[in-house]
Amino acid sequence: MYELIEIEQVFPDQKLKNIKVKIQNELDSHLSHLSLPEGAEIAITAGSRGISNIITILKETIMYLKAKGYTPFLVPSMGSHGGGTAEGQVEVLKHLGITEEVLEVEIRSSMDVVFLGETPNGQPVYMDRHAYHSDGIIVINRIKAHTAFKGKVESGLSKMVTIGLGKIKGATFVHSDGALKMAENIEDVCTFALMNSPILMGLAIVENGFDETADIVGVPKENWISKESELLQYSKSMMPSLPVDDVDILIVEEMGKCFSGTGMDPNIIGRWRIDGVPEPEHPSIKRIAILDLAEKSFGNAQGIGLADFTTQTLVNKIDRNSTYTNAITATYLRRAMLPMIYETEQESIEMAIQSLGPKLNHNELKIVQIANTLHLGRVYVSKAVLDEMTHTTSRRFHIKGTHVLQFNDSGVLLRRISKQH
């Protein structure tokens, strides 16, 4: 029996107090000088998952544009997601609560793109045809660390322009040079698109360590890359993390696209699994056991290959078409490969522990249990982890209680963070 201690981690918690007023002010600041005709059609990007308050943010933007006499519409902007089809991308938006009925605007979905030209480095640039033929485009996305590369800009506005609006064709070309060229390609393609399309501005969303809206910032075309880079550093300063850098067993209750583009955030677990890209030294996790696939991932198990052990329950939920399309477009095939599969959660976890070898000192076993890689405020840790946090780290936390790692007669883990809070 392993005793686990529930702890509450303390992360930066800056929070935007009035989202509606901030959006109005940012849009006013960047759009008031425009001389667009009455009824001008303005495309608004939508598609990234897991963004807090996304409905409010989109709705306020739409209301602002309508009040100015413009005709806004939404464009699904998610590369190859939704199985790489126009209908599939509308379905993804629907699962996010983004529908024509809720937002009272048209959603124009197509996988057809317009070829804008080539960057100085010979990279082809494509853009969704509905967005390109509009009178203006507002790019809305969250700024955060990417799950496959490091650069001046990572996951955010530039990626939304390059891959989101580039659809499956643009996404495929940008990914084709590999992860080590991704940052450069995204920056080059976005810069070209900014100069050769009707993009008006960006609306950048930054979230704190508790998945809450910390700020919303308007980004002008003139200093797009530098401003996004600045916001990326701000976002990284608030990123959540595991309680310690070295872990023997990480139990992940759920993975899914609703938590990270890679199902589990590689920045959190310290695993990239990309050919040619070295693995980071920290965090260092010996074994990862994933128990389930979130319903809101809708069968997309991209990132399952980052784990060592999983359950038959999770595997039964996998939509192979969605998962494989995502992996092939990204070219990161290892991330979609299956780990060891066991019938129950109990077997998966016990086999993960057993795989550490016969010399394992169970009293010193470092176990961390998390709900998912996005929500790390509450975690369960073994005594060895708590001792390290208490004596050798400067991390702030509060102890909430203790329990024993136990399973029911069907081998299901009895105590789950996601069920407790």
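Our structure is the block above this text.
Conventions adopted
Residues numbered from 1 in each chain as written. Predicted model: local features only at pLDDT ≥ 70, side-chain atom pairs only at ≥ 80, totals over all residues. Heavy atoms only, no water. Helix = DSSP H or I, 4+ residues; strand = E, 2+ residues; numbered from the N terminus. Rg over C-alpha atoms; globule rule 2.2 N^0.38 Å. Buried < 20%, exposed > 50% of the residue type's maximum accessible area, 1.4 Å probe, protein only. Areas by Shrake-Rupley, 256 points an atom, 1.4 Å probe, with all protein chains shown as cover. Lys, Arg positive; Asp, Glu negative; His and termini not counted. Charge placed at Lys NZ, Arg CZ, Asp CG, Glu CD. Contact = heavy atoms within 4.5 Å. Salt bridge = Lys/Arg side-chain N within 4 Å of Asp/Glu carboxyl O. Axes fitted to C-alpha atoms, helices over the stretch in contact; angles between N-to-C directions. Parallel < 35°, antiparallel > 145°, perpendicular 65-115°, else oblique. Left-handed = near helix turned anticlockwise from the far one by under 90°. Nonpolar A, V, L, I, M, F, W, Y, C, P; charged D, E, K, R; others polar. Arc of directions from axis to C-beta.

Chemist: Explanation requested: the overall build of the protein in the structure shown.
Modeler: Broken down by element type, the protein carries 15 helices and 16 strands. For 421 residues, the compact-globule estimate of 2.2 N^0.38 gives 22 Å, and the C-alpha radius of gyration of the protein, at 22 Å, lies within 12% of that figure. With respect to the three principal axes, the spread of C-alpha positions in the protein is 70 × 40 × 40 Å. Sorting the 421 residues of the protein into buried and exposed places 59% on the buried side. Element-wise, carbon and sulfur atoms account for 49% of the exposed surface of the protein, whose accessible area totals about 17,500 Å². A distance of 1 Å separates the average location of the 42 positive side-chain charges in the protein from that of its 52 negative side-chain charges.

Chemist: I'm lost on the environment of Tyr 342 in this one. Help?
Modeler: Inspection of the secondary structure assignment puts Tyr 342 in strand β13 (residues 340-342). Judged by relative accessible area, which is 23%, Tyr 342 ranks as partly exposed. Sequence separation of Tyr 342 and Asn 363 is 21 residues, and the distance between their C-alpha atoms is 25 Å. The contact partners of Tyr 342, leaving out residues within four places of it in the chain, are Phe 309, Thr 310, Thr 311, Gln 312, Glu 347, Ser 348 and Met 351.

Chemist: Is there a simple way to explain the pattern of salt bridges in this structure?
Modeler: When their charged atoms lie close together, side chains carrying opposite charge are able to pair. All told, the structure shown has 25 salt bridges when counted by the stated rule. When the shortest N-O distance is used, the salt bridge between Arg 108 and Glu 106 registers 3.2 Å. Here Arg 108 falls in the buried class, since its relative accessible area comes to 16%. Put simply, Lys 286 and Asp 248 hold a salt bridge, and the shortest N to O gap is 3.1 Å. Residue Lys 286 is located in strand β11 (residues 284-293), and its partner Asp 248 is located in strand β10 (residues 246-255); the two are separated by 38 residues in the primary sequence. According to the relative accessible area criterion, Lys 286 is partly exposed, its value standing at 46%. One continuous salt-bridge network, built from bridges that share partners, spans Glu 6, Glu 8, Arg 378 and Arg 415.

Chemist: Is there a simple way to explain the packing of helix α1 (residues 19-31) against helix α2 (residues 54-67) in this structure?
Modeler: Helix-helix packing is characterised by the crossing angle of the two axes and by the distance between the axes. The interhelical angle for the contact between α1 and α2, taken along N-to-C directions, is 45°, at an axis separation of 10 Å. Classified by the angle their axes make, α1 and α2 are oblique. Of the two possible hands of crossing, α1 and α2 adopt the one that is right-handed. Of the residues in α2, those in contact with Ile 19, Lys 20, Ile 23, Gln 24, Leu 27, Asp 28 and Leu 31 of α1 are Thr 56, Ile 57, Glu 60, Thr 61, Tyr 64 and Leu 65. Across the contact of α1 with α2, the residue classes tally to 7 nonpolar, 3 polar and 3 charged.

Chemist: How should I be thinking about helix α7 (residues 167-175) in this particular structure?
Modeler: When we look at burial in α7, the residues that qualify are Lys 167, Gly 170, Ala 171, Val 174 and His 175. End-on, the buried residues of α7 take up no more than an arc of 125°, which puts them together on one face.

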